[in-house]
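Chain residues, written in single-letter form:
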Amino acid sequence: MMGVFWQQLAGLGHDLGHSGVTHDFHLDHRIGSTLSALMGLSTCWWKSDHNTHHIVCNAVEHDPNIQYLPLLAVTPHAFAKGPTFSTYHKRWMGMDSIGRFLVSYQHIFFYPVMAVARINLYIQGLIYLISKPDTIHYRALELCSLAGFFTWQGFLVSCLPGWRQRLLWLLVSHAVAGVLHVQIVLSHFAMRFYMGRAYNDARDEWYVTQLKTTMNVDTWEWFDFIHIGLQFQIEHHLYPRLPRHNLREARKLILPICKKHGFDYHEPGFLQGNYEMWRQLKDTALVARETTKGDGGFYESELWEGMTLSG
């Protein structure tokens, strides 16, 4: 029950982060930062990370939502030529020997990692608030909210009779909430990735880039509350502040536009989408296994370069 609550509350947090509830930036931000006391996630960090993702969706050097080395690599572009510089994290990210091993088997442990991925969001939020790498609104409010969350969760866990029950409660509640993380990455991991910058000409202008890097999930209308709006990522990426309850209607307007101009509108079912994502992770893992150590000490893929006719 707690896991479902966290998953649903994250949907509301997502809407608030886009100023999609009251459409007042400061009011939505204050509500989101206050709700951190119930969900443990930083609205301040999320807005920085997620808004960047929207602008540079699936850009290897720029999108923090696809930069997970050394744990995961969602495309061989992330390591094909050695380390790449993350403009968001302000550091080089490459595949060393440990990363090569992990990426080579990422398709096997991906879903177990998603079950505990929420813990990483706790950590990232706290690091962001403490280090203050950018302008942060309502930082004090959010720190107080997060302190309340961890105090509450710690007290709740301490009330359970033994360490086994405590550990089991934490694992199960976070694993159920982990469905959220699958829903988030599902819309992008199986789509197109690119190096450099987008929005250069008509071939990769805003509308086209969002369609190439994002997919929807086909689902029944009565299932919308479970997907918390994330099943309409195409519409959401085209119109980020559009309220969740209008996304299905927006889909009806966007489909004819895609048909008219010959744009691909990708919308598999949830299981098919998961398979496509898993295949992308496996294909990248197989490329990682064939890498050799380059002059810089990082593993590189000559095979991938040859397959894509790079250089």
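Keep in mind that what you see is a predicted model, and the values were worked out from it rather than measured. (Residues numbered from 1 in each chain as written. Predicted model: local features only at pLDDT ≥ 70, side-chain atom pairs only at ≥ 80, totals over all residues. Heavy atoms only, no water.)

## Looking at the pattern of salt bridges
Next up, step 1: The full count for this structure, using the stated rule, is six salt bridges.
Next up, step 2: With a closest N to O distance of 2.8 Å, D224 and R248 form a salt bridge. On the criterion of sequence distance, the pair formed by D224 in helix α11 (residues 224-227) and R248 in helix α13 (residues 247-261) is long-range, its members being 24 residues apart.
Next up, step 3: Using a relative accessible area of 19% as the deciding quantity, one classes D224 as buried.
Next up, step 4: According to the relative accessible area criterion, R248 is buried, its value standing at 17%.
Next up, step 5: A salt bridge links D283 to R279; the shortest N-O distance between them is 2.9 Å. Separated by four residues within a single helix, D283 and R279 lie in helix α14 (residues 270-289), roughly one turn from each other.
Next up, step 6: D283 gets classed as partly exposed once you look at its relative accessible area, which sits at 33%.
Next up, step 7: According to the relative accessible area criterion, R279 is partly exposed, its value standing at 28%. (Salt bridge = Lys/Arg side-chain N within 4 Å of Asp/Glu carboxyl O. Helix = DSSP H or I, 4+ residues; strand = E, 2+ residues; numbered from the N terminus. Buried < 20%, exposed > 50% of the residue type's maximum accessible area, 1.4 Å probe, protein only.)

## Concerning helix α3 (residues 43-55)
What sets the pattern is the α-helix's 3.6 residues per turn: residues three or four places apart point alike.
Next up, step 1: An ideal rise of 1.5 Å per residue puts 18 Å on 13 residues; α3 measures up with 18 Å between its terminal C-alpha atoms.
Next up, step 2: Among the 13 residues in α3, 10 count as buried, and that is most of the element.
Next up, step 3: Taken together, the buried positions of α3 are T43, C44, W45, W46, K47, S48, D49, H50, H53 and H54.
Next up, step 4: In the core, the buried residues of α3 are packed alongside α1 (2-17), α2 (25-39), α6 (117-131), α7 (139-158), α10 (206-213) and α12 (233-238).
Next up, step 5: Taking the backbone nitrogen of C44 as reference, a side-chain oxygen 3.4 Å away marks S42 as the first, capping residue of α3. (Expected span 1.5 Å × (residues − 1). Contact = heavy atoms within 4.5 Å. Polar contact = N/O pair within 3.5 Å; in protein donor to acceptor, adjacent residues only side chain to side chain.)

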